[in-house]
Amino acid sequence: MPEIDRARKALAAARRVVALTGAGVSAESGVPTFRGEGGLWRNFRAEELATPEAFARDPRLVWEWYDWRRQKIAPLPPNPGHHALAAMERRFGEFLLVTQNVDGLHRAAGSAKLAELHGNIWFTRCTKEGTLRENRAVPLSPLPPRCSCGALLRPHIVWFGEALDPGVLQSAVDACRAADVVIVAGTSSVVYPAAGLAALAKEAGAFVIEINIEETPASGMVDVHLSGRSGELLPGLLE
Ligand code: BV8
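So, how was this worked out
- Residues numbered from 1 in each chain as written.
- Predicted model: local features only at pLDDT ≥ 70, side-chain atom pairs only at ≥ 80, totals over all residues.
- Heavy atoms only, no water.
- Near = heavy atom within 4 Å.
- Polar contact = N/O pair within 3.5 Å; in protein donor to acceptor, adjacent residues only side chain to side chain.
- Helix = DSSP H or I, 4+ residues; strand = E, 2+ residues; numbered from the N terminus.
- Nonpolar A, V, L, I, M, F, W, Y, C, P; charged D, E, K, R; others polar.
- Domains from an automatic or database assignment.
- 1 Å grid on protein atoms, 1.4 Å probe; cavity = no way out; pocket = protein on both sides within 12 Å on 5 of 7 lines; lining within 4 Å.
- Points joined across faces, edges and corners; volume = space filled by probe spheres on them.
- Salt bridge = Lys/Arg side-chain N within 4 Å of Asp/Glu carboxyl O.
- Buried < 20%, exposed > 50% of the residue type's maximum accessible area, 1.4 Å probe, protein only.

**Student:** I'd love a proper account of the site of the ligand, names of residues and values included.
**Tutor:** Not every one of the 35 residues close to the ligand is listed here, only the nearest: E28, R35, Y66, R69 and S188. One of the backbone nitrogen or oxygen atoms of E162 is found 2.8 Å away from a nitrogen atom of the ligand. For the ligand, an oxygen atom lies 2.6 Å from a polar atom in the side chain of N212. Those elements that provide at least two residues to the shell around the ligand are helix 2 (23-27) and helix 5 (59-73). Here the shell around the ligand is built from residues that sort into 17 nonpolar, twelve polar and six charged. Mapped onto the domain boundaries, the shell around the ligand takes at least three residues apiece from domain 1 (3-30 + 78-118 + 164-237) and domain 2 (46-75 + 127-157).

Pasting the structure below:
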């Protein structure tokens, strides 16, 4: 039986479904991925800028990178992959979309049952008070932005070496443990703890489907690897 039919069959019988997404799902909207050719900015890698140390050392440089990304993302629409995932939320009795993406495109496509593991680029957080504010200004000015209390604002993003929000992570872990089917789409599966969720689901008995244009460290463990673009394969799973 072709792999796509095995995947569709598992989904047809599923009541509880989790989708784990990465930058490859947003790549179909034109958002540059982290580790592909688009992953550089002024010759910096994400791992060099997305850290508390980089922000402490040069908050303006880190904000210039985020402002550049916000400007790139702002005009980009959700793609058929995002819309298929929003449709899955309505299709399955229990569904959770767990994303590493910070671009907000899943919410823009209508996904509401959503765990944003690494935060959201459209929110700032006061470094003193912790207050979260949505801010869609492009460009952002002045850089770095400051709170009314005078303290620096930071992007509401989880940087390398920072803990994920425990509640958000727990909701993802619980959903993966209970899932009948997990779809892992568009992620290189190298960043933890997000990259450990599919294996955790598999150990708990889930049927795991991977969608990617290449093999990843997760490919050896999944039940079905669908090789191709998420913008085509995610809608294809629903047919
Ligand atoms: C934590 C925010 C502990 C930034 C991100 C050694 C040294 C230092 C640290 C570590 C280490 N070993 C492990 C760690 C921990 C570290 C980690 O995992 N590092 C990795 C690099 C080894 N993890 C952390 O630091 C995490 N925190 O562990 O804290 C702790 C605990 C308690 C108390 C204190 C601390 C925090 C991780 C979060 C980091 N933040 N993002 C920002 O976005 O600005 S991670 C960053 O990578 C993005 O969020 C991104 O989402 C994530 C994963 O990348 P992907 O989404 O997978 O994207 P990528 O480009 O890699 O791959 C794209 C994939 O899509 C590819 O497979 C490609 O083939 C595919 N694709 C492309 N096009 C398509 C497609 N597929 C289908 N269709 C297409 N069209």
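From this point on, the discussion continues.
**Student:** Help me get a handle on the layout of surface pockets, residues and values and all.
**Tutor:** Counted as a void, the largest pocket has a volume near 780 Å³. For the largest pocket, the lining is made up of 39 residues, of which G22, A23, F34, R35 and S188 are closest to its centre. Of all the elements in the fold, those that place two or more residues in the lining of the largest pocket are helix 2, helix 5 and strand 10 (207-212). Grouping the amino acids of the lining of the largest pocket by side-chain chemistry returns 18 nonpolar, 15 polar and six charged. Counting contributing residues, the lining of the largest pocket receives three or more from each of domain 1 (3-30 + 78-118 + 164-237) and domain 2 (46-75 + 127-157). Counted as a void, the second largest pocket has a volume near 270 Å³. Forming the boundary of the second largest pocket are 15 residues, of which E116, G119, H156, V158 and D165 lie nearest the centre. At the level of elements, strand 6 (119-126) and strand 8 (153-157) are the ones that each hand at least two residues to the lining of the second largest pocket.

**Student:** Can you break down the domain arrangement of the protein chain residue by residue, with the values?
**Tutor:** Domain annotation for the protein chain reports domain 1 (3-30 + 78-118 + 164-237) and domain 2 (46-75 + 127-157). Relative placement of domain 1 and domain 2: their C-alpha centres are 28 Å apart.

**Student:** Give a description of empty space enclosed by the protein that names residues and reports values.
**Tutor:** If you walk through the whole model with that rule in mind, you get two cavities of 30 Å³ or more. Taken as a whole, the second largest cavity spans an internal volume of roughly 80 Å³. In terms of lining, the second largest cavity is formed by L20, T21, V98, Q100, L117, V184, T187, S189, A194, A195, L197 and A198. At the level of secondary structure, the elements contributing two or more residues to the lining of the second largest cavity comprise strand 1 (16-21) and helix 9 (197-203). Taken together, the residues that form the lining of the second largest cavity break down as eight nonpolar, four polar and no charged.

**Student:** Run through the pattern of salt bridges, naming residues and quoting values.
**Tutor:** For the structure shown, the criterion picks out 13 salt bridges. Across the pair R8 and E239 runs a salt bridge whose closest N-O atoms are separated by 3.4 Å. Residue R8 is located in helix 1 (residues 3-12), and its partner E239 is located in the segment after helix 10 (230-238); the two are separated by 231 residues in the primary sequence. Owing to a relative accessible area of 25%, R8 belongs among the partly exposed residues under this scheme. The salt bridge involving D180 is made with R16; its shortest N-O contact spans 3.4 Å. One end of the pair, D180, is in the loop between helix 8 (166-178) and strand 9 (181-185); the other, R16, is in strand 1, with 164 residues separating them in the sequence. On the basis of relative accessible area, D180 is assigned to the partly exposed category, the value being 26%.

**Student:** If you had to explain unusual backbone geometry to someone new, which residues and values would you point to?
**Tutor:** The omega torsion of the bond from V138 to P139 falls at -10°, within 30 degrees of zero and hence cis. For P139, the position within the fold is in the loop between strand 7 (132-134) and strand 8. Of the consecutive residues S141 and P142, the connecting peptide bond is found in the cis state with omega at 0°. Here the phi dihedral of S189 falls at roughly 50°; this positive angle occurs in a residue that is not glycine. Within the fold, S189 resides in the loop between strand 9 and helix 9.

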